[in-house]
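# Topology and contacts: notes
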Amino acid sequence: MSVAERAAIERLVLHVVTAVNSRALYPGNHPRTREAIDAWVADLERVLEARGQTSIALLAVDDDLVVDQKPIAQGGLTVRGFVHALRRLGVEGLTLSRGLTVDEAQRFLEALAERSVAASTLHIQVGQLRVGLDDERGGEGGGAGLAGGVGSDGEGPSEGTGAGRQAQLRSSAASAADAGARLLVAAEQAKSAFVRQREQRGGAAQLERLVWTAMDALAHSAQVMLPMRDLRTHDELTFAHSLNVSLLVLAHGRALGLRGEVLKDAGFAALMHDIGKLMLPIDLLHDPGRLSNEQWALMRQHPELGAAILCEQRDLPSVVVLAAYEHHLRFDGAPSYPVLRSQRRPTLASALTAVADTFDAFCGRDPSPARRDAAFSMLRKRAGTWLDPILVDSFCRLFMPPPVAP
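Residues numbered from 1 in each chain as written. Predicted model: local features only at pLDDT ≥ 70, side-chain atom pairs only at ≥ 80, totals over all residues. Heavy atoms only, no water.

## Things to note about unusual backbone geometry
Our working definition: By the criteria applied, helices consist of DSSP H or I runs no shorter than four residues and strands consist of E runs no shorter than two, each listed in order from the N terminus.
The omega torsion of the bond from Y337 to P338 falls at 0°, within 30 degrees of zero and hence cis. Take P338: it is sitting in the loop between helix 12 (318-326) and helix 13 (348-363).

Dropping the structure here:
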C-alpha cells in the first residue's frame, strides 16, 4: 500500500471515529455532529472512487489495521485508537459501502447512542469478520478483527536516515520544548481566570485559549507534562490537578480520534471539572486524614456546585457543564453522586475526565514510579464499575511505560 493510499485510509478512519465521538458528545442535530457525518460520507465516496471499489472492509488483528485483507502494520496511536474506539462499541469489524447517505449514517449513530451497541444498516455492516491475510511482507495468516478508530492528521509515515534524520529529531525536540514553554506561560496566566470562575467573573475565554495551547503542545510531543511546581494555595492545587487532568484527556482523546473543536471541548470540560471545589472550605481539601461523615457530605456537593457555577457562564459548551456534574457518576449505574432521578451513563467527555481524574488524584504531585504503577492498578480495579473499562484499557495502553527488557 502506497503512502498516499495509507493516508487516505487513515483520513477515512478519522472521519468515522470523529462522527461517532461527536454524537457521543453532542445531540444528533448539533452542527458539529452534522459536520462530522458529512465529512465521513463524503470521504467514503472519495476513497471508494479512487480505489475503484463498491465497499471497503476495516478490521484489526491485534493492533494492526487491516483494509480489504491487506494489513497496515506497525500502527501508532491512530491504529490503536481506532481499535479501542470500536471495541468500546462492541464492534468486531466494519464494512462501508457506496451509497451511504447522511441520513443513514445519522440513524446508525442515533441507534448507537441510544443502545451503546452498533447495529448494521444497508450500507454499514458491523460484526465479526474472518479473512485470510496476505501480508505485504510475504507472510500469511488469518484472524478476526475489530475496526475502530482514531486518529491521525492524515500524514503518511516519515522517512529519513543519517544526518537528515538526526537534524529532523533535533528540530522536533526544539519545537516540542518551545511548545512546552508556551504551555507553561499560558498556564501561569490562566490561574487567576480559573479562580474567578467561582465568582462568575469571566475568564472562560482565557481558559479556553489555555486548552488550545495545550493541544498545540501535545501535537508537538506526546510527552508534555505539566511543569508547575511548589503550588501551595487551595486554588493553585485545584488548578494544577485540573490542568493535569485536561492534559491527560487531550492526549487520550486525540488517541481516540477527537480533533479540533470536539477535542478542545473535551479538554475544556476536563479543565473545569473540579471548579466546584473552589466553593468548599480550604481545610477540607488539605485534610490529610480520613474525612468525617460531615466533611464527606460537603465534598460530595462539589459536582453540583461546579455545574451551578458553569451554568451561569455564557456560551460554554454543554459538555463542560456535564463533565462538572457527571465525573463521579459510575459507569455501571450503581448509586453515586450526585443522586440521579433515573439511571444513565455519563457522556464520553465525562467518562474520559473520570479516568484521568482518578489517575491524577491517586498519583498526587510529583509521583514516583511506584505511585504511578499503583495508580494504573487502581484504574484496572475500578474498570467496569466506576470507570468505563474500554477507556481504562486504552488509557493504560497509551500512558503505561513499556516493560523493561530482562
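Moving on from the coordinates now.
## So, the side chain of D43
So the rule is basically this: Remark: exposure states derive from per-residue accessible area (1.4 Å probe, protein chains only) relative to the maximum for the residue type, with buried under 20%, exposed over 50%, and partly exposed in between.
With respect to the element layout, D43 can be found in helix 2 (residues 31-51). For D43, a relative accessible area of 6% corresponds to the buried category.

## Focus on the environment of V17
Note that V17 resides in helix 1 (residues 3-25). A residue is classified by how much of its surface remains accessible, and V17, at 2% relative accessible area, is buried.

## Examining the packing of aromatic side chains
Each aromatic ring pair is characterised by the separation of its centres together with the angle its planes make. Put simply, the rule reads: Each Phe, Tyr or Trp ring, with Trp reduced to its six-membered ring, pairs with another whose centre is within 6.5 Å; inter-plane angles below 30 degrees give stacked pairs, above 60 give edge-to-face pairs, and intermediate values give tilted ones. Only when the NZ of Lys or the CZ of Arg is both within 6 Å of the ring centre and within 35 degrees of the ring normal is a charge said to sit over the ring.
Considering all chains together, one arrives at six aromatic pairs under this definition. Ring centres of F359 and F376 lie 4.8 Å apart, and the angle between their planes is 45°; this geometry places the pair in the tilted category. Taken together, the residues span a long stretch of sequence, with F359 in helix 13 and F376 in helix 14 (residues 369-382) at a distance of 17 residues. Accessibility assignment for this pair places F359 and F376 in one class, buried. Their ring planes at 50° and their centres at 6.4 Å tell us that F376 and F395 sit as a pair that is tilted. In this pair, F376 is assigned in helix 14 and F395 in helix 15 (residues 389-399), connecting sequence segments 19 residues apart. In terms of burial, F376 and F395 fall into one category: buried. Grouped by ring-pair contacts, the aromatic residues F359, F376, F395 and F399 constitute a single cluster. Directly above the ring of W386 sits R330, whose terminal nitrogen or CZ lies 4.8 Å from the centroid. The side chain of R371 reaches across the aromatic face of F362, ending 4.4 Å from its centre.

## So, the environment of E110
Short version of the rule: It only takes one pair of heavy atoms within 4.5 Å for two residues to be counted as in contact.
Note that E110 resides in helix 4 (residues 102-115). The exposure class of E110 is partly exposed, given its relative accessible area of 22%. A sequence separation of 87 residues divides E110 from R23, and the C-alpha atoms of the two residues are 7.8 Å apart. Apart from residues no more than four positions distant in its own chain, E110 is found in contact with R23 and G28.

## Observations concerning the nonpolar core
The condition that has to hold: The set of buried Ala, Val, Leu, Ile, Met, Phe, Trp, Tyr and Cys residues whose side-chain atoms join them within 4.5 Å is what this entry labels a nonpolar core.
Counting 60 residues, the largest nonpolar core has L207, L210, F239, F268, L271 and L379 as its most contacted members. Among the elements that line this core, the one with the most residues is helix 13, at nine residues. Look past the residues within four positions of L271 in its chain and what remains in contact with it is F194, L207, L210, V211, F239, S242, L243 and S246.

## Digging into the packing of helix 8 (residues 260-271) against helix 12
Going by this rule: Every axis in this analysis is a line fitted to C-alpha atoms, fitted for helices over the stretch in contact. Angles between the N-to-C directions lie between 0 and 180 degrees. A crossing counts as left-handed when the near helix is turned anticlockwise from the far one by less than a right angle, and as right-handed when that turn is clockwise. Any residue outside Ala, Val, Leu, Ile, Met, Phe, Trp, Tyr, Cys, Pro, Asp, Glu, Lys and Arg is labelled polar, Gly included; the first ten of those are nonpolar and the last four are charged.
In the contact formed by helix 8 and helix 12, the axes pass within 8 Å of each other and the chain directions differ by 35°. In this structure, the crossing between helix 8 and helix 12 has a hand that is right-handed. Here D265, F268 and A269 of helix 8 come into contact with helix 12, specifically with V319, V320 and A323. Here the residues of the contact of helix 8 with helix 12 are counted per class, giving five nonpolar, no polar and one charged.

## A word on helix 11 (residues 302-311)
Think of an α-helix as turning once every 3.6 residues; residues three or four places apart then point the same way. Operational definition: What the arc describes is the spread of directions from the helix axis to the C-beta atoms.
For helix 11, the full list of buried residues reads H302, P303, G306, A307, I309 and L310. Around the axis of helix 11, the buried residues are gathered within 160° of arc, so they sit on the same side. Lining the buried residues of helix 11 we find helix 10 (293-299) and helix 12.

## What about the confidence of the model for the protein?
Which entries qualify depends on this criterion: The predictor's confidence in any single residue is recorded as pLDDT, a number from 0 to 100.
Put simply, the protein has an average pLDDT of 75, and 69% of its residues get 70 or more. Averaged pLDDT values over the elements of the protein bottom out at 28 in strand 7 (residues 140-145) and peak at 94 in helix 12. Segment residues 128-161: pLDDT under 50, and 107 contacts once partners within four positions in sequence are set aside and those in other chains are kept. Low pLDDT, under 50, characterises residues 222-233; the stretch is placed with 24 contacts to residues that sit more than four places away or in other chains.

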